[in-house]
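Observations on the model geometry
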Amino acid sequence: MRLLLVACLRPRTGNATTAARIREKNELESRSSLEEKNRTDHLEAAGHTCILKDAFRYEGPSEIANLISAEKYEAALAIHLYKGGRLLQGSSIPFGIIFGGTDINEDIKHEEKHRVMGAVLEEARFAVAFTEKMKEMAESEWPYAGNKICVQTQGIMTTPSTTFNWKRFLQNAGIPQDTDNLCLFILICGLRRIKDPLYLVDVFSEWHRKEPNVHLAIIGPTVDPLFVSEVKEKIKRSPGVHLLQEIPQDDLHAAVKRCFAVVNSSISEGMSAAVLEAMDLDVPVLARNIPGNAAIIKHKDTGLLFADPQEFVLLSKSLMNDPTLEKKIVTRAKDYVKKHHSWECERKTYQSLILRLQ
């Protein structure tokens, strides 16, 4: 079949990461590059042709309808029930939906978006949720869709660079390289309010003043320019906290392997690829205790969950002072990812679901 895949392709956002992962790409490319290469290997491996289009480039369903007609698509997929799904309303071809995370966690609270998402879900042949909790939330809003929704966790593949320059990375971050006992935490996210990268800044900077060897590096692209200005101003006044631009995925994975822990402070998550990748790379994770994170992290078993900034510091210190706990978390997290986030299993699921569009 000739398939259309509609997704929001802003670099390093969850939806773009999902699209890139389904395409079996190890490095998230620019928006234009994604569209030019437009192959989805999960599906092409089964003999389909899949063309990726950026949802931000289309105003509404009529434009997508014209695209479908002109390029003769036979079926479609959309990532994010509202942002991508609304463009397929009234579609002349069958389609499926992959929940994005913010659609079920946040957009569902807005009356008009809720109405649109319900209509999209009613038309869809199937929907994919990353977690059982996400499926339950959708079913509670739209009971008729229960038999359409399947759960498929994100598949993970990590590719740390073998030529990564750690000293240059620290230099670019403004982190002293002569610190013998450097303890670096990394927070990876697109810079927007829903990711709340400033949540830990004050408490971390206070901790750094007392213990200069601890540093926090925030890495990610500009998603909300106004918010980024706020982030930069805050970090200027916060010793020990550093803001870095995004780097290639294989370099990012290599940097993660050299850090002490990966941090997630989001207000809402569907399923954080950065968290799962850290777990796969044998690096401890400290994550804000929200449903999306709690769905993949068992506290003090596969990671640590914190309820507020003060608890983050306490848990971080306990992890630094307890090598046995660190080893336990790293080992069990790695086993968890291997068992529940298999890239091969994800491929089989999507190949099977596409049969419902024939």
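Residues numbered from 1 in each chain as written. Predicted model: local features only at pLDDT ≥ 70, side-chain atom pairs only at ≥ 80, totals over all residues. Heavy atoms only, no water.

If you look the protein up in an unreviewed UniProt entry, it shows as Glycosyltransferase 1 domain-containing protein 1 isoform C from Alligator mississippiensis.

1. Quick look at the sheet that holds strand β4 (residues 95-98)
The six strands lie next to each other as β2-β1-β3-β4-β5-β6, forming an open sheet whose pairing is parallel. With partners counted over all chains shown, the strands left at the sheet margins are β2 (49-54) and β6 (149-151), one partner each. Averaged over neighbouring strand pairs, the angle between their axes works out to 20° when direction is ignored. Examined bridge by bridge, strand β1 (residues 2-7) and strand β3 (residues 75-79) share four bridges and lie parallel to one another. Bridging across to β3, Leu 5 finds its partner in Leu 77. This element, helix α4 (residues 61-71), spans β1 and β2 of the sheet and lies at about 155° to β1. On the sheet, helix α7 (residues 132-141) packs against β5 (126-129) and β6 and is oriented at approximately 165° with respect to β6. (Pairing = 2+ DSSP bridges. Helix = DSSP H or I, 4+ residues; strand = E, 2+ residues; numbered from the N terminus. Axes fitted to C-alpha atoms, helices over the stretch in contact; angles between N-to-C directions. Contact = heavy atoms within 4.5 Å.)

2. Considering the sheet that holds strand β12 (residues 304-306)
Strands sit in the order β9-β8-β7-β10-β11-β12 across an open sheet of six strands; the sheet is parallel. Two strands close off the open sheet at either side, each with one partner strand: β9 (241-244) and β12. In this sheet, neighbouring strand axes are inclined to one another by 25° on average, regardless of whether the strands run parallel or antiparallel. In the sheet, strand β8 (residues 214-219) pairs with β9 via four bridges, with the strands oriented parallel. The residue of β9 that forms the bridge with Ile 218 is Leu 243. Sheet contacts for helix α8 (residues 166-173): β7 (183-188), β8 and β9; angle to β7, the most-contacted strand, approximately 75°.

3. So, unusual backbone geometry
Phi at Lys 72 takes a positive value of approximately 55°, unusual for a residue other than glycine. Summarising the element assignment, Lys 72 is placed in the loop between α4 and β3. Residue classification places Lys 72 among the exposed positions, given a relative accessible area of 62%. The backbone of His 80 sits at a positive phi, close to 90°, despite the residue not being glycine. For His 80, a relative accessible area of 1% gives the class buried. (Buried < 20%, exposed > 50% of the residue type's maximum accessible area, 1.4 Å probe, protein only.)

4. A word on the side chain of Asp 107
Along the chain, Asp 107 falls in the loop between α5 (102-105) and α6 (111-123). According to the relative accessible area criterion, Asp 107 is buried, its value standing at 8%. A distance of 3.4 Å separates polar atoms of two side chains, one belonging to Asp 107 and the other to Lys 113. Contact partners of Asp 107, with chain neighbours within four places excluded, come to His 80, Tyr 82, Thr 102, Lys 113, His 114 and Met 117. (Polar contact = N/O pair within 3.5 Å; in protein donor to acceptor, adjacent residues only side chain to side chain.)

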